[in-house]
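Chain by chain, the residues run as shown.
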Amino acid sequence: MNLSPQTQLEMQRRMLRIRRFDERASKMVKRGQIPGTVHTSIGQEAQVVGACMALGEGDYMTGNHRSHGHPIGKGSPLGPLMAELVGKATGVCGGKGGSLHLADFSVGSLGESGIVGSSIPIATGAALSSKVLDNGHVSLAFFGDGAANQGCLYEAMNLAGVWKLPIVFLCENNQYALSTPAHTVTSGVIADRAAGFGMPGVRVEDGQDVLAVYDAVHTAVRRARRGEGPSLVEVITYRYNEHSEGLKLGTDYRDQAERAQWVERDPIVVFRQRLVDDGVATAEQLDALEAEVIEEVDEAVQFTNDSPFPDPSVAFKDLYTEPIGALA
Amino acid sequence: MTVMSYLGAIGAAQREAMEADPSVVIIGEDVEANVYGTTGGGKSRSDKGDFLQMFGSNRIRNTPISEEVIVGAAAGAAMTGLRPIVDLSYSSFLYMAMDQFVNQVAKNRYMFGGQASMPVVFRSAMFYGLNTGAHHSDRPYPMFMNVPGLKIVVPATPYDAKGLLRTAVDSDDPVLTFEACILWGTKGEVPEEEYRIPLGEARTVRRGDDATVVAISSAVPAAIAAAESLAEDGISVEVIDPRTLVPFDTEAVIRSVQRTGRLVVADPAHRTCSAAAEISAMVAEEAFESLRAPIVRVTTPDTQIPFSPSLEKQLYPSGPRITEAIRRVIGQPTSMPSHGARDMDQLATQAPR
Ligand SMILES: Cc1ncc(C[n+]2csc(CCOP(=O)(O)OP(=O)(O)O)c2C)c(N)n1
Ligand SMILES: [Mg+2]
């Protein structure tokens, strides 16, 4: 696949946006500046960005609790996302969603879900409306290896298969669901499950390679857009941080040597080297790109700090189109 | 005006909604073959009014038996430009999709700060009273009243079934309609032309001065029967059908109780946390001064639904049980035999939890 230099640089930019945003969010959790906790995508940026960039602008996407990378990967501005994590009025959901429930409809992000697996049917429904309205949009459902054992995934795959819906089921296999190694709770290979539904199932063994992820997802997206139906793409990757920020588990469920191996193949470092080697960009250009992203994150934090908290009355808004009952 | 059955009125509303707006689609198990009688003209595909013939397979879709994805996909489709009507057939099957109802359908507009619109209708039929046993006799609307973000519709007449369903399809909020199968064959006058009934407007079925009965779903005809029998004794009973439980027409009920001073709530749901419980609490809070006697609830006792007709029938609010309850609130001697209504109410409160 021959991607333009601009596209490749945009991939690197989006991976950096996720990394720096999540690093900042992690710090803010530890300093008590973000209430509750967050789940970072640090280490998984290639998997997220490769998938998001294979989608078009009008395409839909749903996600899960590991939630910041998806809208960032799809091109959301950072300010309203960061403001949402803090619960500010200018947050992308007005402060009612928080980290677990980000959504940015302006970029086709139909919502992250705090309930593992629960957003997969939503993405399937978005694909149904694309099909009925014949508007050419494709839908992509992000879910983890843990969610791959939820029944609703298989209801959704069956429905999407039988209706030939334009959807990509994207399993972010970071090899653990919280503390549980995927292989201890998962029978067989996730990608192989696609065969049972008569759809292609591919496994991207190196999910740290953004181009490999892009290739696989792009093939699935093209197939969906041609009206040929759904695909399942499983991407093997790794999260570098703890399941959620600030979480301290009593037992060491992950081998530190294993983690070190994956950290060595940092997707952002790997791709940076490749961009230089392929002559797509110079080291100076890439340094400048990094500086721009850091500035963008700084601005997002500044925007957040400058924003007010929502008025208490906002707790009663947006339940219905018009308030009803005691709220009316 | 034309005379229609309750079921026919639902079918007519669906047909009108499908004709009016190409973004309306119907999905559900066995909808193509018109198994439940609301998606066709008759028994044969060649009968006039067959939905598949009229609207095509893009807009009327048989689903696999996968309630969780049916409900979730309808929500996702509603968020992206369709206005699905989902036929879930039996109300008992809603539980299969509880996560999607509670965590997605009800929460998405709110959680996402108003970005999501959720114009979707979930229809389901309550088969209670028809000897279908414990797995097919549920009346689960109170559980969903406990979920902010959903609207709950419980029509009791053909006129209401049609007009409320049209409004539900127009609504940009998710609406659950609970249809009582025991009312399917009820005939009533329905306008030929299109009409809509606003959600949250109760109907005063019958005017009266001595007591108010708020009746839900199939309890409405039972309450009318009770009012008619008491009229013979000179007791004048007001019957109110709220028609929708969320939103609820609090004002209509309060106004009536302020006049009559007495309230009976008849609700086919299980007693604990029933719609009747909520309505009673609301009246106790807002019209306590007007009450001249304790409120009486006539509900289904907190037991599961048995199969045998001899066991099942006694459980639901009936004309005699409502009559008895009204006599109690107006302080008249009761006439029920010992296994009658009063025992049922006691049973209801004593049932093991
Ligand atoms: C239905 C449900 N069950 C359990 C949880 C608690 N929980 C949150 S994240 C998580 C692990 C999810 O693992 P995976 O799907 O692999 O995603 P990852 O965190 O690895 O990205 C668990 C058990 C939940 N949020 N929802
Ligand atoms: Mg995982």
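Residues numbered from 1 in each chain as written. Chains lettered and ligands numbered in written order. Predicted model: local features only at pLDDT ≥ 70, side-chain atom pairs only at ≥ 80, totals over all residues. Heavy atoms only, no water.

A. Broad picture of the site of ligand 1. Residues and elements named next belong to chain A. Taken together, 15 residues surround ligand 1, and among them His-65, Arg-66, Gly-114, Gly-146 and Tyr-176 come closest. The side chain of Arg-66 places a nitrogen or oxygen atom 2.7 Å from an oxygen atom of ligand 1. A distance of 2.8 Å separates an oxygen atom of ligand 1 from a polar backbone atom of Gly-146. Taking 580 Å² as the accessible area of ligand 1 by itself, protein coverage stands at 73%. The class makeup of the residues in the shell around ligand 1 is six nonpolar, seven polar and two charged. (Near = heavy atom within 4 Å. Polar contact = N/O pair within 3.5 Å; in protein donor to acceptor, adjacent residues only side chain to side chain. Areas by Shrake-Rupley, 256 points an atom, 1.4 Å probe, with all protein chains shown as cover. Nonpolar A, V, L, I, M, F, W, Y, C, P; charged D, E, K, R; others polar.)

B. Region of interest: the domain arrangement of chain B. All names here are of chain B. Here the domain parsing of chain B yields domain 1 (2-190) and domain 2 (203-347). Computed over C-alpha atoms, the centres of domain 1 and domain 2 are 28 Å apart. Contact with domain 2 buries area across many residues of domain 1, yet Asn-131, Arg-139 and Met-145 alone supply 27% of it, more than any other trio. Joining domain 1 to domain 2, the criterion identifies two salt bridges. Of the charged contacts, one joins Arg-203 and Asp-160 as a salt bridge, the two residues approaching to 3.4 Å between their closest N and O atoms. There are 14 residue pairs in polar contact (both at pLDDT 80 or more) connecting domain 1 and domain 2. Among the secondary structure elements, those contributing two or more residues to the side of domain 1 that touches domain 2 are helix H6 (141-145), strand E6 (151-153) and helix H7 (158-170). (Domains from an automatic or database assignment. Buried area = accessible area lost by both parts, 1.4 Å probe. Salt bridge = Lys/Arg side-chain N within 4 Å of Asp/Glu carboxyl O. Helix = DSSP H or I, 4+ residues; strand = E, 2+ residues; numbered from the N terminus.)

C. Layout of the interface of chain B and chain A. Opposite the 41 residues of chain B that make contact, chain A presents 40 residues. The junction of chain B with chain A conceals about 3400 Å² of combined surface from both sides, 65% of it contributed by carbon and sulfur atoms. Per-residue buried area on chain B facing chain A is highest for Thr-80, Tyr-110 and Gln-115 of chain B; these three make up 20% of the total on that side. On inspection of chain B and its partner chain A, the count reaches zero salt bridges. On inspection of chain B and its partner chain A, the count reaches 19 residue pairs in polar contact (both at pLDDT 80 or more). With eight residues, the top contributor of residues to the side of chain B that touches chain A is helix H3 (residues 67-78) of chain B. Here the residues of the side of chain B that touches chain A are counted per class, giving 17 nonpolar, 16 polar and eight charged. (Contact = heavy atoms within 4.5 Å.)

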